[in-house]
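Take a look at the letters that make up each chain.
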Amino acid sequence: MACSGLLFNSFVDNKCFRPCHLKPAVSYPRSLSTSRVYLTPSLRISMSMEENGAPTQGLEVSRKKVPHVLTVAGSDSGAGAGIQADLKACAARGVYCSTVITAVTAQNTAGVQGINIVPDEFVAQQLKSVLSDMEVDVVKTGMLPSIEIVKVLQRSLKEFPVRAVVVDPVMVSTSGDVLADPSILSSFREELLMMADILTPNLKEASNLLGGMRLETVADMRHAAKLLHSLGPRSVLVKGGDLPESFDAVDVFFDGEEYHELRSPRVKTRNTHGTGCTLASCIAAELAKGSSMLSAVKLAKRYVETALEYSKDIILGNGAQGPFDHFLRLKHNSGTGVTFSGNDLFLYAVTDSGMNEKWGRPMEVAVKEAIEGGASIIQLREKTAETRKFIETAKACLEICRPYKVPLLINDRIDVALASDADGVHLGQSDTPAQVARALLGPEKAIGVSCKTVEQAHKAWLDGADYIGCGGVYPTSTKANNTTVGLDGLKTVCLASKLPVVAIGGINASNAIPVLGIGAPNLKGVAVVSAVFDRSSVATETRNLHSMLTEAVSKAN
Ligand SMILES: Cc1ncc(COP(=O)(O)OP(=O)(O)O)c(N)n1
Ligand SMILES: Cc1nc(C(=O)O)sc1CCOP(=O)(O)O
Ligand SMILES: [Mg+2]
C-alpha cells in the first residue's frame, strides 16, 4: 500500500501506520547509520550507535517514562464531564492523558441535547493509534455507547495489554439523560467487568448492573459491592453521592477481602457535573503514577472534594448542574476581580505589627484606615507572626481589601500568600527567588522584588517580577542595617528597568515630593511604613500623604 499523507476513515496496515509525511517521534542524526535500543528496567533507553560502521561512544539518551492514562469516553461539548473532564483531571494530577472518543455529545448544564456515536471501526482505529505507540499505563473507560464498541475495546486491550483498567460504567448522565442503551448491560457484565481493575458505579449504575436492586443504605452498598465484585472486577467502589439524606458523602470500596467506607463531608453545590468521570480519571492517574488501588481511590476522592469545595460558588451556564474547576484557578481570575497594575504602586502602605500594637490597633483596623485614606496597595510585613496567625490575618485583611479592589501582598512568605489566596508577594534579595515564586504562584499573582542595583533590577525583570521596590531612598529606623541608595540610586535603578518602581525607605509627608520629582517615568509611587502606621490616626496620615502626592503629580503634568 502506498503511503500518501493522512488516512481518513480507513484502517491502516502496520507498515504505513504512521502517516509518511510526519517525522518519526525521535529523529537521529543522519550520519549515525544504525541504532540499537535497549530498554532497561528503569525505563532508561541507552542508545549505542555506529558512525560509518565504527562504534561511537558516550551517547546516552535518558528517556523518562511519563505516566500515561488513555481515556475511552464520550466528548461533552460543555466540557464538564466526559473526555474533557478526564483530560483536565489527568492534567491536574500531573499525568499525560490520551483520548479515544466513542461518541460526541451536544451537552450543556441543562442536559444532553444530542448524541452522535463514533463508528466502532473508528474507535478501533483510535485505540490502535494510541495503544500501539504511546506506552499507556492505565485505560479508563467512560461512555461506551454500543455493544460493538465494548467488543472493540476488549479486543484492543487483549492485543495491547495495559497495567490497569478503570471502568466507570456510565449509563445515565447527571442530568438524567441516557448515554448507553440498556442493552449494553449484558455486554458490560460479560465483557467489560472482567477487564476492570476497579469498577466505579454510582448507586443507579450499581443497581442497573445488579438487575434493579434497591440501594438505599450503606449496608445495601456493601452488599452491592460484593455482588459486583463477583462479576469480575478486581475491586469495586460504589459511590454513595446520591444516598438519600446522608450528611456525609459515603463511598464503599471492596477489594474482595476488605471493605472500606470512605466518608467525607458533602459539599453543597450545583457544580457537580463531571464528578464521576473526574473521580475515575483521577484514580487512573494515581495508578499510572504507581499508587496502590486503595490509596489511588483515597487521593482521587480527596481531590474531587477539594475541587468541589473550591468551585462551589462559580457560575457557568443556566442549567441545574454546573461544571467545576479542576485546576482550582477560575476564582482567582473572576472571583477576586483584583489584577495588579503599576499604577497600584502610587501610595503603597506596608504594615508593621509592632507599630499597630503600640497604638493599640488590630491589623484589620489599620489596613481599613489606610485604604480609606487612599492607600492603593497593601503589603502585610509581619516579621514575627506565627504562620497560622499570619494566614488568618491575611484572610481577614483580604476581606477588607477586596471590595475596594486594592491588592494585598504578603512580605517574604509565599506559603502564606498561597494559603490565604493573597494577590501576590514582595520578596527581597535574600528571600525566595522571584522565578521560583512565579512557578509557585502562577501567572496571575503579583510579585515585587527589592532592588538596590541595576543588576538586581535586570534579574527581577528576567525572573518575571511585576514591579521593583527600590530603597532605602532615605535613612530609616524601620528596617535594621538598611543601605541607603538615595535619590540618585533610585533614579539609576528606575532608568535601567522596564518594570514599574516604587520608592521605599524613610519617606513621609515632608520628603515625598522630591522622590516623585526624580524624572523617571516608571517611578510609580512611594511605599511607607512608619509615616502612616506609627501615627495615632492611620486614616488621617494616609489621607494627607495621598492628597500631597496627588497635588504634586497634577502640578507636574
Ligand atoms: C515595596 C517594598 N520594597 C522593598 C521592601 C523590602 O523588602 P526586603 O528587602 O525583602 O526586606 P523586608 O521588608 O523583608 O525586611 C518591601 N518590603 N516592600
Ligand atoms: C521595608 C523596607 N524596605 C526598605 C528597602 O530599602 O528596601 S526600607 C524599608 C522600611 C521602610 O519603612 P519606613 O517607611 O518606616 O522608613
Ligand atoms: Mg524580605
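- Under an unreviewed UniProt entry, the protein chain has the name Thiamine phosphate synthase and belongs to Linum trigynum.
- Taken verbatim from the UniProt record of the protein chain, the Function (unreviewed entry) comment is "Essential for thiamine biosynthesis. Bifunctional enzyme that catalyzes the phosphorylation of hydroxymethylpyrimidine phosphate (HMP-P) to HMP-PP and condenses 4-methyl-5-(beta-hydroxyethyl)thiazole monophosphate (THZ-P) and 2-methyl-4-amino-5-hydroxymethyl pyrimidine pyrophosphate (HMP-PP) to form thiamine monophosphate (TMP)."
- Under the UniProt heading Subcellular location (unreviewed entry), the note attached to the protein chain is "Plastid, Chloroplast".

**Some thoughts on the pattern of salt bridges**
Move 1: Applying the stated criterion to the full structure yields 23 salt bridges.
Move 2: For the salt bridge of Arg263 with Glu261, the shortest nitrogen-to-oxygen distance reads 3.0 Å.
Move 3: Classification of Arg263 as partly exposed rests on a relative accessible area of 48%.
Move 4: The salt bridge partner of Asp466 is Arg438, with a shortest N-O separation of 2.8 Å. Residue Asp466 is found in the loop between helix H15 (454-462) and strand S18 (467-470), and its partner Arg438 is found in helix H14 (residues 434-441); the two are separated by 28 residues along the sequence.

**Looking at the nonpolar core**
Move 1: The biggest cluster of nonpolar side chains holds 72 residues, and the ones touching the most others in it are Ile378, Leu380, Ile410 and Leu490.
Move 2: Val130, Val139, Ala224 and Val250 belong to the second largest nonpolar core, which has 47 residues in total.

**Looking at the packing of aromatic side chains**
Move 1: Under the counting rule described, the total for this entry stands at three aromatic pairs.
Move 2: Judged by centre distance (5.6 Å) and plane angle (35°), the ring pair of Phe340 and Tyr467 falls under tilted. You can see Phe340 sitting in the loop between helix H9 (330-335) and strand S13 (347-350) and its partner Tyr467 sitting in strand S18, a full 127 residues away along the chain. In terms of burial, Phe340 and Tyr467 fall into one category: buried.
Move 3: Grouping aromatic residues by their ring pairs yields a cluster made of Phe340, Tyr348 and Tyr467.
Move 4: A cation over a ring is seen here: Arg222 above Tyr259, with NZ or CZ 4.5 Å from the ring centre.

**Let's talk about the sheet that holds strand S11 (residues 248-254)**
Move 1: Read across the sheet, nine strands follow the order S6-S5-S4-S7-S8-S9-S10-S11-S12 without closing on themselves; strand pairing throughout is mixed. With one partner strand each, in any of the chains shown, strand S6 (112-117) and strand S12 (259-265) form the two edges of the open sheet.
Move 2: Lying on the sheet, helix H8 (residues 293-311) is in contact with strand S9 (198-199), strand S10 (235-239), S11 and S12; it crosses S12 at an angle near 15°.

**Observations regarding the site of ligand 2**
Move 1: Taken together, the neighbourhood of ligand 2 is formed by 14 residues, with Thr476, Thr478, Asn482, Gly506 and Ser530 sitting nearest.
Move 2: At 2.7 Å from an oxygen atom of ligand 2 is found a main-chain nitrogen or oxygen belonging to Gly506.
Move 3: Protein chains shield 94% of the accessible area of ligand 2, which is 430 Å² for the free molecule.
Move 4: Mapping ligand 2 onto the cavity grids shows that it belongs to the second largest pocket.
Move 5: In terms of residue class, the shell around ligand 2 is made up of three nonpolar, eight polar and three charged.

**Section: the sheet that holds strand S20 (residues 523-528)**
Move 1: One closed barrel holds the eight strands; their spatial order is S13-S14-S15-S16-S17-S18-S19-S20, and the pairing between them is parallel. Going across the sheet, the axis of each strand differs from the next one's by a mean of 25°, ignoring polarity.
Move 2: Both S18 and strand S19 (residues 501-504) contribute to a ladder of three bridges, which runs parallel. By the bridge assignment for S19, Gly469 is matched with Val502.
Move 3: Strands strand S14 (377-380) and strand S15 (408-411) of the sheet are contacted by helix H12 (residues 387-404), whose axis makes an angle of about 160° with S15.

**Points about unusual backbone geometry**
Move 1: Cis geometry is found at the peptide bond from Gly471 to Gly472, where omega equals -10°.
Move 2: Assignment of secondary structure puts Gly472 in the loop between S18 and helix H16 (486-496).
Move 3: Unlike most non-glycine residues, Leu328 shows phi in positive territory, near 50°.
Move 4: Tracing the sequence through the fold places Leu328 in the loop between H8 and H9.
Move 5: Residues other than glycine seldom take positive phi values, yet Asp412 does so here, at roughly 70°.
Move 6: Secondary-structure assignment places Asp412 in the loop between S15 and helix H13 (414-420).

**Some words on the coordination of the magnesium ion (ligand 3)**
Move 1: The protein atoms that coordinate the magnesium ion (ligand 3) are Asp412 (OD) and Asp431 (OD), at distances spanning 2.0 to 2.2 Å. Taken as a pair, Asp412 in the loop between S15 and H13 and Asp431 in the loop between strand S16 (424-427) and H14 lie far apart in primary sequence, 19 residues in all.
Move 2: Taking the relative accessible area as the measure of exposure, Asp431 reaches 22% and is therefore partly exposed.

**Regarding the side chain of Glu205**
Move 1: Note on placement: Glu205 falls in helix H5 (residues 203-209).
Move 2: Buried Glu205, no salt bridge; nearest opposite-charge side chain is Lys239, N-O distance 4.8 Å.
Move 3: Apart from residues no more than four positions distant in its own chain, Glu205 is found in contact with Asp168, Pro169, Val170, Met171, Val172 and Thr200.

**A few points about the pairing of S10**
Move 1: Of all the five residues making up S10, five are buried; the element is thus mostly covered by neighbouring parts of the structure.
Move 2: The two faces of S10 match: Ser235, Leu237 and Lys239 on one face and Val236 and Val238 on the other face are all buried.
Move 3: Sheet topology note: the S9/S10 ladder contains two bridges and is parallel. Counted as the bridge partner of Ile198 is Ser235 from S10.
Move 4: The pairing of S10 with S11 spans four bridges and is antiparallel. In the sheet register, Lys239 faces S11, and the bridge partner there is Asp251.

Cut-offs applied
- Residues numbered from 1 in each chain as written.
- Chains lettered and ligands numbered in written order.
- Predicted model: local features only at pLDDT ≥ 70, side-chain atom pairs only at ≥ 80, totals over all residues.
- Heavy atoms only, no water.
- UniProt positions renumbered as here; feature names shortened; annotations may be inferred.
- Salt bridge = Lys/Arg side-chain N within 4 Å of Asp/Glu carboxyl O.
- Buried < 20%, exposed > 50% of the residue type's maximum accessible area, 1.4 Å probe, protein only.
- Helix = DSSP H or I, 4+ residues; strand = E, 2+ residues; numbered from the N terminus.
- Core = buried A, V, L, I, M, F, W, Y, C linked by side-chain atoms within 4.5 Å.
- Phe/Tyr/Trp six-rings, centres within 6.5 Å; stacked < 30°, edge-to-face > 60°.
- Lys NZ or Arg CZ within 6 Å of the ring centre and 35° of its normal.
- Pairing = 2+ DSSP bridges.
- Contact = heavy atoms within 4.5 Å.
- Axes fitted to C-alpha atoms, helices over the stretch in contact; angles between N-to-C directions.
- Near = heavy atom within 4 Å.
- Polar contact = N/O pair within 3.5 Å; in protein donor to acceptor, adjacent residues only side chain to side chain.
- Areas by Shrake-Rupley, 256 points an atom, 1.4 Å probe, with all protein chains shown as cover.
- 1 Å grid on protein atoms, 1.4 Å probe; cavity = no way out; pocket = protein on both sides within 12 Å on 5 of 7 lines; lining within 4 Å.
- Sits in = over half its atoms within 2 Å of the grid points.
- Nonpolar A, V, L, I, M, F, W, Y, C, P; charged D, E, K, R; others polar.
- Donors = N, O, S within 2.8 Å, 3.2 Å for Na, K, Ca; no water.
- Lys, Arg positive; Asp, Glu negative; His and termini not counted.

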